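Secondary and tertiary structure notes
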Amino acid sequence: STSSAFQRVFYEPPKKLASMSAKDVAAARETLAITQVEGLDVDLAPVSTFEDAGFSKELLRVTANFQKPSPIQAQSWPIVMSGRDMVGIAATGSGKTLAFGMPALTQIRSQPPCKPGQPICLVLAPTRELAQQTAKVFDDAGEASGVRCVCVYGGAPKYEQKNAMKAGGGAAVIVATPGRLRDFMEEGVIKLDRVTMLVLDEADRMLDLGFEPEIRAIAGATRADRQTVMFSATWPMSVQSLASEFMCNPVRVRIGSEGLKASQSITQIVEVVE
């Protein structure tokens, strides 16, 4: 890509984290049920506060209503804010939107403003519901940081989404389902040549729904030197090959145990009946 270089490293570990022993880092991860961190050359301890992650004052307003970072946030932020590609294997509902959202907003704010139909961050989601949920988090975060987000999905009028992309000087964040995004790309309404952060959310479900060809075409239209972050609830071979193809030396972070495990924060009551 001939586009000018962009800043991708924003993280400087605070002294208290940088000076932690390997044993202390392992203990901190155990407390947070972080069961795997693989692919780091210099180990990065999970952060214990929002301030530790190095976000601006404006962005910290986004976290004002939360007590402390969730496990996926605590470990993702040092990695993604260091400019690395990352795969997060974590249950749904674990706070992963801000795990990629806060670094994305940091990156956006360090760059020249976007133009209509030329996002800087692109989030792909498998379903309209998930796309809308993610866009809602970005809308709230964007109010605090002055970044606009538009949600693009099938089954709703195209003209409304086109107008939303043009409004207010354009949206730096587009959250999209792959099918509708491809339509807009083919119509020339969306250009992805400024995308410096690509996020695949619920990658396993996107593959299950047969979106692989769309993902290929979409990723191929973004900057070659972009940062890519991917989340998946499971880690099958199909997702692994997707990761190896679209990412550059990704760091792998797993929350909770191997295989399918329900979120710890939900009480499940099982009754066995004849």
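A brief report on the enclosed structure follows. (Residues numbered from 1 in each chain as written. Predicted model: local features only at pLDDT ≥ 70, side-chain atom pairs only at ≥ 80, totals over all residues. Heavy atoms only, no water.)

Concerning the sheet that holds strand β2 (residues 86–89)
Within a sheet, neighbouring strands are paired by backbone hydrogen bonds and run either parallel or antiparallel to one another. Counted only if it meets this: By this definition, two strands are paired if DSSP reports at least two bridges between them. Numbering of helices and strands runs from the N terminus; a helix is a DSSP stretch of H or I covering at least four residues, while a strand is a stretch of E covering at least two. Here an axis means a line fitted to C-alpha atoms, over the contact stretch when the element is a helix, while the angle between two N-to-C directions is reported on a 0 to 180 degree scale. Residue contacts are counted whenever heavy atoms from the two residues lie within 4.5 Å of one another.
If you walk across this open sheet you meet the 8 strands as β1-β8-β2-β7-β6-β3-β5-β4, and the pairing is mixed. Edge positions in the open sheet fall to β1 (34–38) and β4 (149–152), since each of these has one partner strand only. When the angles between neighbouring strand axes are averaged without regard to direction, this sheet yields 10°. Bridge count between strand β3 (residues 121–124) and strand β6 (residues 197–200): 4 bridges; the pairing is parallel. By the bridge assignment for β6, Cys121 is matched with Met197. The sheet strands contacting helix α7 (residues 158–166) are β4 and β5 (173–176), and the helix crosses β4 at an angle near 160°.

As for the packing of α7 against helix α8 (residues 178–186)
Going by this rule: An angle below 35 degrees is treated as roughly parallel, one above 145 as roughly antiparallel, one from 65 to 115 as roughly perpendicular, and anything else as oblique. When residues are sorted by character, Ala, Val, Leu, Ile, Met, Phe, Trp, Tyr, Cys and Pro go into the nonpolar class, Asp, Glu, Lys and Arg into the charged class, and all the rest, Gly among them, into the polar class.
Where α7 contacts α8, the axes come no closer than 12 Å and their chain directions differ by 70°. Between α7 and α8, the interaxial angle falls into the category roughly perpendicular. Every residue of α8 that contacts α7 at Lys158, Gln161, Lys162 and Met165 is listed here: Arg180, Asp183 and Phe184. By residue class, the composition of the contact of α7 with α8 is 2 nonpolar, 1 polar and 4 charged.

Notes on the environment of Lys166
With respect to the helices and strands, the residue Lys166 is situated in helix α7. C-alpha separation for the pair Lys166 and Lys16, spaced 150 residues apart in sequence, amounts to 45 Å.

Structural notes on the packing of aromatic side chains
Rules: To pair, rings of Phe, Tyr and Trp, with the six-membered ring standing in for Trp, must have centres within 6.5 Å; the planes then decide the type, stacked if under 30 degrees apart, edge-to-face if over 60, and tilted in the middle. Each residue is placed in one exposure class: buried if its accessible area under a 1.4 Å probe, protein chains only, is under 20% of its type's maximum, exposed if it is over 50%, and partly exposed if it falls in between.
As enumerated under the stated definition, the model contains 4 aromatic pairs in all. On the basis of an interplanar angle of 35° and a centroid distance of 6.1 Å, the ring pair of Phe100 and Phe138 is categorised as tilted. Residue Phe100 is found in helix α5 (residues 96–109), and its partner Phe138 is found in helix α6 (residues 128–145); the two are separated by 38 residues along the sequence. Taking relative accessible area as the criterion, Phe100 reaches 0% and is therefore assigned buried. Since its relative accessible area comes to 2%, Phe138 is described here as buried. Every member of this aromatic cluster is reached through a ring pair, and the members are Phe50, Phe55 and Trp77.

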